[in-house]
Amino acid sequence: MPQPLDEDQVPAHTANLQNGELIFWAGGCASCHAAPGAENDDLLRLSGGVELATPFGVFRSPNISPDRESGIGDWSTLDFINAMVKGLSPDLQHYYPAFPYPYYQNINYIDLIDLKAYLDTLPPSTNQVADHDLSFPYSFRRGVGLWKWRYLAGNSSQADVAATAQLERGRYLVTGPGHCGACHTPRDAYGGELNNRFLAGAESFEVPEGEGAGSIPNITPHSDGIGDWSESDIAYSLESGFDPDFDSFGGSMVEVQENMARLPADDRAAIAIYLKSIPAHASEKD
Amino acid sequence: MKKTILVTLATVAIGATTFVTFAQDEFPFQNQIEARQAFMNVYRFNLGMLGAMAKGDMPYDAAQATDAANNLLAAAKMSNGAMWPAGSDMSAAGLADLTAAKPEIWSDMSDVGEKHGALTTALEAMAAAAGDGLGALRSNMGAVGDGCKGCHEPFRASND
């Protein structure tokens, strides 16, 4: 059961809004917290309401705009950090890990301070979002404490090569704000990630099978994955949405790619370097 | 533009009511599914040339770029509704692994016609610009990518 951080664990730091914006796009916040189907400037109004249909039931993303009644405008920076790294609300309730804090826990506190300051500049929304619709026993929020005890260890995956600054940046972006493993790593029956198959691809959890679901690709350096993509192929695909054969990204990856396209080119290059360095895994055969 | 959308919708509607089946089909709509996948490969082949120039993997050549862009535009203007008959989506019996086309393409609220129109517009711009130098080619790649993603995001499942 994680304990919340307290005020003296938050470093003194004057927020950098430009960095906060970078982390905002790298973390894909708008993809869940902006209204469903939002585009362009509407992506900055974080009114919530996106539904995620999973084997545990339907999750609905909350309003995290700076509105004081309907959003998180009354949160302190400490409250925000506790949410992102501990999965705890200001009144110490557990968040469901559909909110990917198991990845966001890898984001450093300076970046989180910057991100909170950036979020505070965004337009407020008074939208009220309905509760999640979860099946028993997942509707029992306190049970998440048990889940955290089992699954919320430190989460990063070690690359197989010696660290350079760019590799470290790539690791940080992928295992922290990018939360790529939240889709690309397979999970067990309780929704915990199988870290020994990091980024090796998974069944899509979003819709019941056979009704337009698909599978999520293997992005390890195996030939079943992206082993024959060069670093520049990977970086270009995140910039343009085209794979090396000029097939276009589709489905949920389009939003991710459009977020990645807003990052500086160096960050996409760093992600590419990291993805080429992680352990290669063959895909699971059905 | 509106005419293009109406023509596209009309051809999809005609495709929905005209079945072409062959006694030797191994699976339902094999003919149409294989044709449209081959059709996508034609897009890919031509786009690949433009993309290779844009990425710097291939030297820029104005004539070749213009040809490729014109090919893409010609493909987009083909009347190909017959390749997309209703019932040939991935939720149909036996088709889950054979096509990635989602049933949403054929729903009442489907905007596939408008999406196709947006792609055509982007390809018209690319065809006009591809021969004007690498900078012009590169600056049009984004809209073309958006045109492809416009359908691929809502209408194609990820299938590895």
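Computed from a predicted structure; not experimentally measured.

So, the sheet that holds strand 1 (residues 51–54) of chain A
Residues and elements named next belong to chain A.
For step 1, the next point in the chain: Within the open sheet, the three strands sit side by side as 1-2-3. Their pairing is antiparallel. Of all strands in the sheet, those bounded by a partner on one side alone are strand 1 and strand 3 (133–134).
For step 2, the next point in the chain: Here four bridges tie strand 1 to strand 2 (residues 57–60), and the two strands are oriented antiparallel to one another. Pairing of glutamate 51 across the sheet is with arginine 60, part of strand 2.

Remarks on the side chain of asparagine 140 of chain B
For step 1, the next point in the chain: Within the secondary structure, asparagine 140 of chain B is located in helix 5 (residues 134–155).
For step 2, the next point in the chain: Beyond its immediate chain neighbours, meaning those up to four positions away, asparagine 140 of chain B contacts Ala125, Met126 and Ala129 of chain B.

Observations concerning unusual backbone geometry
Residues and elements named next belong to chain A.
For step 1, the next point in the chain: Cis geometry is adopted by the peptide bond preceding proline 137, which originates at phenylalanine 136 and carries an omega value of 0°.
For step 2, the next point in the chain: As for its position among the elements, proline 137 is in the loop between strand 3 and helix 6 (144–151).
For step 3, the next point in the chain: With phi around 50°, asparagine 40 is a residue other than glycine that occupies positive phi space.
For step 4, the next point in the chain: Examined against the element boundaries, asparagine 40 turns out to sit in the loop between helix 2 (29–33) and strand 1.
For step 5, the next point in the chain: One non-glycine residue with positive phi stands out, namely leucine 199, at about 65°.
For step 6, the next point in the chain: Relative to the assigned elements, leucine 199 resides in the loop between helix 8 (181–184) and strand 4 (202–203).

Focus on the nonpolar core
For step 1, the next point in the chain: In terms of nonpolar packing, the biggest core is built from 52 residues, with Phe24, Leu46, Phe80, Met84 and Leu275 of chain A touching the most fellow members.
For step 2, the next point in the chain: Broken down by secondary-structure element, the contributors of at least two residues to this core are helix 1 (17–26), helix 2, helix 3 (77–86), helix 5 (109–119), helix 7 (165–175), helix 9 (231–240), helix 10 (253–260) and helix 11 (265–275) of chain A.
For step 3, the next point in the chain: Those residues in contact with leucine 46 of chain A, other than ones at most four positions away along the chain, are Phe24, Ala30, His33, Ala34, Pro62, Asn63, Ile64, Ser65, Leu119 and Leu122 of chain A.
For step 4, the next point in the chain: The next biggest cluster of nonpolar side chains, apart from the first, holds 34 residues, and it includes Met53, Ile105, Ala127 and Met141 of chain B.

Observations concerning the packing of helix 3 of chain A against helix 5 of chain A
Residue and element names in this part refer to chain A.
For step 1, the next point in the chain: Close contact between helix 3 and helix 5 brings their axes to 10 Å; oriented N to C, the two are set at 120°. Of the two possible hands of crossing, helix 3 and helix 5 adopt the one that is right-handed. For the pair helix 3 and helix 5, contact is made by Thr77, Phe80, Ile81, Met84 and Val85 and by Tyr109, Leu112, Ile113, Leu115, Lys116 and Leu119, respectively.
For step 2, the next point in the chain: Its residues assigned to classes, the contact of helix 3 with helix 5 shows nine nonpolar, one polar and one charged.

What to know about a negative patch on the surface
For step 1, the next point in the chain: On the surface, a cluster of negative charge is contributed by Glu39, Asp41, Asp42 and Glu255 of chain A together with Glu153 of chain B.
For step 2, the next point in the chain: Relative to the helices and strands, glutamate 255 of chain A resides in helix 10.
For step 3, the next point in the chain: On the basis of relative accessibility, which here comes to 34%, the residue glutamate 255 of chain A falls in the partly exposed class.

Considering the packing of aromatic side chains
Where two aromatic rings form a pair, the distance of their centres and the angle of their planes describe that pair.
Residue and element names in this part refer to chain A.
For step 1, the next point in the chain: Within this structure, the stated rule accounts for 11 aromatic pairs over all chains.
For step 2, the next point in the chain: A centroid spacing of 4.9 Å and a plane angle of 70° characterise the contact between phenylalanine 24 and tryptophan 25, whose relative ring orientation is edge-to-face. You'll find phenylalanine 24 and tryptophan 25 in the same group, each marked buried.
For step 3, the next point in the chain: Taken together through their ring pairs, the aromatic side chains of Tyr95, Phe99, Tyr101 and Tyr104 make up a single cluster.
For step 4, the next point in the chain: Sitting over the ring of tryptophan 25, arginine 262 keeps its end group 3.7 Å from the ring centre.

Digging into the interface of chain A and chain B
For step 1, the next point in the chain: Contacts between chain A and chain B engage 24 residues on the former and 24 residues on the latter.
For step 2, the next point in the chain: Across the chain A-chain B interface, the total number found is four salt bridges.
For step 3, the next point in the chain: Here aspartate 245 of chain A makes a salt bridge to arginine 44 of chain B, at a shortest N to O gap of 3.9 Å.
For step 4, the next point in the chain: Looking at the side of chain A that touches chain B, the elements that each hand over two or more residues are strand 5 (215–216), helix 9 and helix 10 of chain A.
For step 5, the next point in the chain: Top element by residues in the side of chain A that touches chain B is helix 10 of chain A. It accounts for four residues.
For step 6, the next point in the chain: When the residues that make up the side of chain A that touches chain B are grouped by side-chain class, the tally is eight nonpolar, 10 polar and six charged.

Thoughts on empty space enclosed by the protein
Residues and elements named next belong to chain A.
For step 1, the next point in the chain: Overall, the coordinates contain one cavity of 30 Å³ or more when judged by the stated rule.
For step 2, the next point in the chain: There is about 30 Å³ of room inside the largest cavity.
For step 3, the next point in the chain: Around the largest cavity, the lining residues are Pro97, Pro100, Pro102, Tyr103, Ala182, Arg187 and Glu193.
For step 4, the next point in the chain: Residues of the lining of the largest cavity, tallied by class, amount to five nonpolar, no polar and two charged.

Reading the values: the criteria
Residues numbered from 1 in each chain as written. Chains lettered and ligands numbered in written order. Predicted model: local features only at pLDDT ≥ 70, side-chain atom pairs only at ≥ 80, totals over all residues. Heavy atoms only, no water. Pairing = 2+ DSSP bridges. Helix = DSSP H or I, 4+ residues; strand = E, 2+ residues; numbered from the N terminus. Contact = heavy atoms within 4.5 Å. Core = buried A, V, L, I, M, F, W, Y, C linked by side-chain atoms within 4.5 Å. Buried < 20%, exposed > 50% of the residue type's maximum accessible area, 1.4 Å probe, protein only. Axes fitted to C-alpha atoms, helices over the stretch in contact; angles between N-to-C directions. Left-handed = near helix turned anticlockwise from the far one by under 90°. Nonpolar A, V, L, I, M, F, W, Y, C, P; charged D, E, K, R; others polar. Patch = residues over 30% accessible without salt bridge, like charges linked within 9 Å, V, L, I, M, F, W, Y side chains within 5 Å. Areas by Shrake-Rupley, 256 points an atom, 1.4 Å probe, with all protein chains shown as cover. Salt bridge = Lys/Arg side-chain N within 4 Å of Asp/Glu carboxyl O. Lys, Arg positive; Asp, Glu negative; His and termini not counted. Charge placed at Lys NZ, Arg CZ, Asp CG, Glu CD. Phe/Tyr/Trp six-rings, centres within 6.5 Å; stacked < 30°, edge-to-face > 60°. Lys NZ or Arg CZ within 6 Å of the ring centre and 35° of its normal. 1 Å grid on protein atoms, 1.4 Å probe; cavity = no way out; pocket = protein on both sides within 12 Å on 5 of 7 lines; lining within 4 Å. Points joined across faces, edges and corners; volume = space filled by probe spheres on them.

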